[in-house]
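# What the coordinates show
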Amino acid sequence: MRSFINNKVLHDVTNILRIMMKKLINSHMKIKLILPLLFLLGGILFSQTRYLDEVFENVIKTENVVYGNAPDLPFLFLFEWNTVDIDLDMDIYTPIGDTLTNRPVIIFAHSGAFFSGHNELDDVVDLAISAAKRGYVAISINYRYGLNIISTYSGERAVYRGVQDAGAAIRYLREFPEEFGINPDQIFMWGTSAGALIALHLSYLDDEDRPVATYGGGSDPDLGCPICEGNDYAHDPKPNAIVSCWGAIGGLDWINSEDTVPAILFHGTLDPIVPFNSGLPFTLNIALPIVYGSNPIHERLDEVGIENELHAESGELHEYWGTVNGNWFLGPNEYFYQIQSDAYSFLYNYLDCSQQNPLSLCLVAEGGLSEVLVEWEPNAFAESYNIYRDGEFVGNIPSDNSFYLDDGTFGDATGFGLSYDSEYCYTIATIDASGNEDIISDEVCAYTLPQLQVFLDLDLSLANADVAVVDSPFGDLTGDGNIDAVIMVKMVNFFPINGYQFNYTMNPGIVDILAPFDGTNIQFDICITQAMEAGMDELTAAAYCESEGYSIGIQSIIGAPGNSGMVMGFDINGTGYIPAGFPGDGGNEGNLLTVLVLDSQYYGLGDEVTVTISDFIVSGVNPLTGGLVTLSACDADLDPLNGCFDVDSFSTPVSDCFGIPGGPAVEDACGVCDGDGLPCFASGDVNLDGELNILDVVILVNMILGIEDESIYGDMNNDATINILDVVLLVNEILGIE
């Protein structure tokens, strides 16, 4: 096996030995006893590192722990309407004598082509034992089968069921971390063959990527969303990193920049079962979907910026570590141990600092508004700590503090704070009882926030009612039965927001804003609705959406409906907020601050309306101190020198016959705008019988003489007066004389 000794381990071991030496010296032991002890300890420590080496001798196995329940196919997978609910179980391996209670987890998923196999196959058992001996909590899961070789889409459905089950296992573990003594934020997954397909799809297949086959058809049921089977625990089902041994995925475009799961991939280049590049899986010459193996997966992960490693073994076949369908056959061989060495080294990078080295300071720094918060793990041997910024001594603080908020000064000194948008780098040193520096942390750096912390931007893509009817995801916000046209105000904010205010104007002022709605709350409600449509109950859906970063937000109010005015947001209870959202923040590009609903009735002419928002006032919560701060806000062009306002325009809806955008008036059959729609008659047809003749002349003369009531149809020349000229024109009309 390859050596794992690196500079970090050497540094950590040196610090451990230095501390032990000082303790021994302070206890007045003879120096001749120290050196042999140090050599002995050095030999042990240099060869044994938890999570990399097998530091425990024995493992205890807890069998058949139930993590969920789901519908299973009991009869050779020929039909999918005859399901029977089964318990989903797993075996748990833990090291005997382990005193830690915040341990990382590895879930092992076995091979079997989705129609055979179990969690006690040779390779996954040996892997689980080896992982537990390294200090992990190791879990080997059973999952549902279901590959029907006479069904053209059963392959997709079989993989999907396995993904649901693996996700249920992760959610179960995150629900009960104390019971198993685990860190719920460090759950890794290791799959082999079919199990690797599960790990890859669980990591990168999102609900919107669901294969059509999973929705069912005919007598085949809809399998539900990826997190809607097994159990109802509302936690993220994705692992924190994966190990894929000869795996594949059904679509490379399912892997995108919003995915975050790192992967290490092992594959033989001549694998005839699961292709190294692309092809049909399991060498079954049937209509299974094409899959993409480790090589194109590695290229796609590189393309979207997800950390990964590819270990391609030239000329090797499937399960080249010495198994056939998970059972040892001329194995385990040297590849089995080399793969473990590479995989555990990879996963080690994603452990907490304190797990990698409990005696290290694990220094972290977070930039704020003209300040940086520096935090570290307390050290039991420290009497105090020295703080260094950019290599310069800042000050010394007592050992009962394990954080320092650096505002550019120290102690009671006052100043102007650190510079905006600048990098500052820190180290921390422990001070021992003799006043000497002992452990020195690694250097960590952080950027302070820019001078502007909030940027607002208008989005008028749904302000035209004709467009909103087709494209709006918001529907009828006002409850009047119509899809609302809206103005969206978007925001990038580096701090959580607990209040805001801005003014708006529209030119020409031909339409009013009726009401504002908090954008954060709208997105939260949309998430809940979609989760419930996918099969969750309301409470589970709400918990899931909160776990995904959605928030209930704050109330939005308007001074008064109109074409100009003020919009304000706050929470009367003082608990609501809009979370920070900015490009690079976990894939979040920003927040929808508020949605302004436009009146469906315009009261003036205009083909286009220009909207301006200005006079931004924003209140935030300083995440470093918890205090309230006024944040500097501007428009999204990032240039405060040209004024802090945003202007944009939208085209108005189709006008009615009076020229009013979106108005209700239409021409009647007679061509009269907003007419009463009565039958149309020609001028001169004063008796309304549809014909012009001598009877109309007689009646027209009687109108002039006051014998008959006047009619608009008697005004032949449209001069608003009925007289003898109208009689002449009517006679000419009857005679055909122009």
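Residues numbered from 1 in each chain as written. Predicted model: local features only at pLDDT ≥ 70, side-chain atom pairs only at ≥ 80, totals over all residues. Heavy atoms only, no water.

Taking strand neighbours across the sheet as the criterion, the three strands line up as β14-β15-β18 in an open arrangement whose pairing is antiparallel. Taken across any chain shown, the strands that pair with only one partner, and hence form the sheet edges, are β14 (364–367) and β18 (403–406). The sheet shows a mean angle of 15° between the axes of neighbouring strands, direction not considered. Here strand β15 (residues 372–375) pairs with β18 via four bridges, running antiparallel. Counted as the bridge partner of Val374 is Tyr404 from β18. (Pairing = 2+ DSSP bridges. Helix = DSSP H or I, 4+ residues; strand = E, 2+ residues; numbered from the N terminus. Axes fitted to C-alpha atoms, helices over the stretch in contact; angles between N-to-C directions.)

Turning our attention to the state of the cysteines. Here is the idea: a disulfide is a covalent bond, and it sits between the sulfur atoms of two cysteines. This structure, assessed with the given rule, holds five disulfides. The disulfide partner of Cys527 is Cys545, and the S-S distance across this bridge is 2.1 Å. Disulfide Cys527 to Cys545: torsion about the S-S bond roughly -95°, handedness left-handed. Placement of Cys527 in helix α11 (residues 519–533) and of Cys545 in helix α12 (residues 538–547) is noted, with a sequence separation of 18 residues between them. A single burial state applies to Cys527 and to Cys545, both of which are buried. Paired by a disulfide, Cys657 and Cys673 hold their sulfur atoms 2.0 Å apart. Its torsion about the S-S bond being 80°, the disulfide of Cys657 and Cys673 is classed as right-handed. With Cys657 in the loop between β32 (645–651) and α13 (694–705) and Cys673 in the loop between β32 and α13, this pair connects stretches of sequence that are 16 residues apart. Given the relative accessible area of 32%, Cys657 is considered partly exposed. (Disulfide = S-S within 2.5 Å. Buried < 20%, exposed > 50% of the residue type's maximum accessible area, 1.4 Å probe, protein only.)

Looking now at the confidence of the model for the chain. Looking at the chain, pLDDT values average 86 and 89% of them are 70 or higher. Low pLDDT, under 50, characterises residues 1–46; the stretch is placed with 43 contacts to residues that sit more than four places away or in other chains. (pLDDT = per-residue confidence, 0-100. Contact = heavy atoms within 4.5 Å.)

Another aspect to go through is the environment of Leu592. Turning to its location among the elements, Leu592 is positioned in strand β28 (residues 591–598). The spatial distance from the C-alpha of Leu592 to the C-alpha of Met488 is 7.2 Å, given a sequence separation of 104 residues. Leu592 has contacts with Phe474, Met488, Val489, Lys490, Gly519, Thr520 and Gln523, leaving out every residue within four places of it along the chain.

Turning to the packing of aromatic side chains, a few remarks are in order. Counted under the stated rule, the structure contains 23 aromatic pairs. Ring centres 5.8 Å apart and planes at 40° place the aromatic pair Tyr404 and Phe410 in the tilted group. Lying over the aromatic face of Tyr215, Arg210 brings its terminal NZ or CZ to 3.8 Å of the ring centre. (Phe/Tyr/Trp six-rings, centres within 6.5 Å; stacked < 30°, edge-to-face > 60°. Lys NZ or Arg CZ within 6 Å of the ring centre and 35° of its normal.)

This brings us to the layout of surface pockets. Its boundaries defined by the atoms lining it, the largest pocket holds a volume of some 1,900 Å³. Lining the largest pocket are 47 residues, with Glu258, Tyr544, Glu548, Gly549 and Tyr550 positioned closest to its centre. Breaking the lining of the largest pocket down by element, the ones donating at least two residues are α4 (154–175), β23 (486–493), α11, α12 and β28. Counting residues per element, the lining of the largest pocket draws most heavily on α11, which supplies six residues. Along the lines of polarity and charge, the residues of the lining of the largest pocket split into 22 nonpolar, 13 polar and twelve charged. (1 Å grid on protein atoms, 1.4 Å probe; cavity = no way out; pocket = protein on both sides within 12 Å on 5 of 7 lines; lining within 4 Å. Points joined across faces, edges and corners; volume = space filled by probe spheres on them. Nonpolar A, V, L, I, M, F, W, Y, C, P; charged D, E, K, R; others polar.)

Turning our eyes to something else, we now look at the pattern of salt bridges. Between side chains of opposite charge, pairing is possible as soon as their charged atoms come close. Taken as a whole and judged by the stated rule, the model has twelve salt bridges. Salt-bridge contacts for Lys61 lead to Glu63; the nearest nitrogen and oxygen are separated by 3.2 Å. Classification of Lys61 as partly exposed rests on a relative accessible area of 32%. What makes Glu63 partly exposed here is its relative accessible area of 44%. Linking Lys490 and Asp459 is a salt bridge whose minimum nitrogen-to-oxygen distance equals 2.8 Å. With Lys490 in strand β23 and Asp459 in strand β22 (residues 454–459), the pair connects residues that are 31 residues apart, well separated along the chain. (Salt bridge = Lys/Arg side-chain N within 4 Å of Asp/Glu carboxyl O.)

Interhelical geometry of α13 versus helix α14 (residues 724–735) gives an angle of 175° and a closest axis separation of 10 Å. One finds that α13 runs roughly antiparallel with respect to α14. In this structure, α13 uses Ile694, Asp696, Val697, Leu700, Val701 and Ile704 to contact α14, whose residues at the interface are Ile724, Asp726, Val727, Leu730, Val731 and Ile734. Class assignment of the residues belonging to the contact of α13 with α14 gives a composition of ten nonpolar, no polar and two charged. (Parallel < 35°, antiparallel > 145°, perpendicular 65-115°, else oblique.)

Further remarks concern unusual backbone geometry. The linkage connecting Gly331 with the following residue, Pro332, adopts the cis geometry, with an omega of 5°. Structurally, Pro332 can be placed in the loop between β13 (327–328) and α8 (334–348). With an omega dihedral of -5°, the bond running from Asn507 to Pro508 counts as a cis peptide bond. Its place among the elements puts Pro508 in the loop between β24 (497–507) and β25 (513–518). The backbone phi angle of Ser193 is positive, close to 60°, even though this residue is not glycine. Note that Ser193 resides in the loop between β5 (182–192) and α6 (194–204). Classification of Ser193 by relative accessible area gives buried; the value is 4%.

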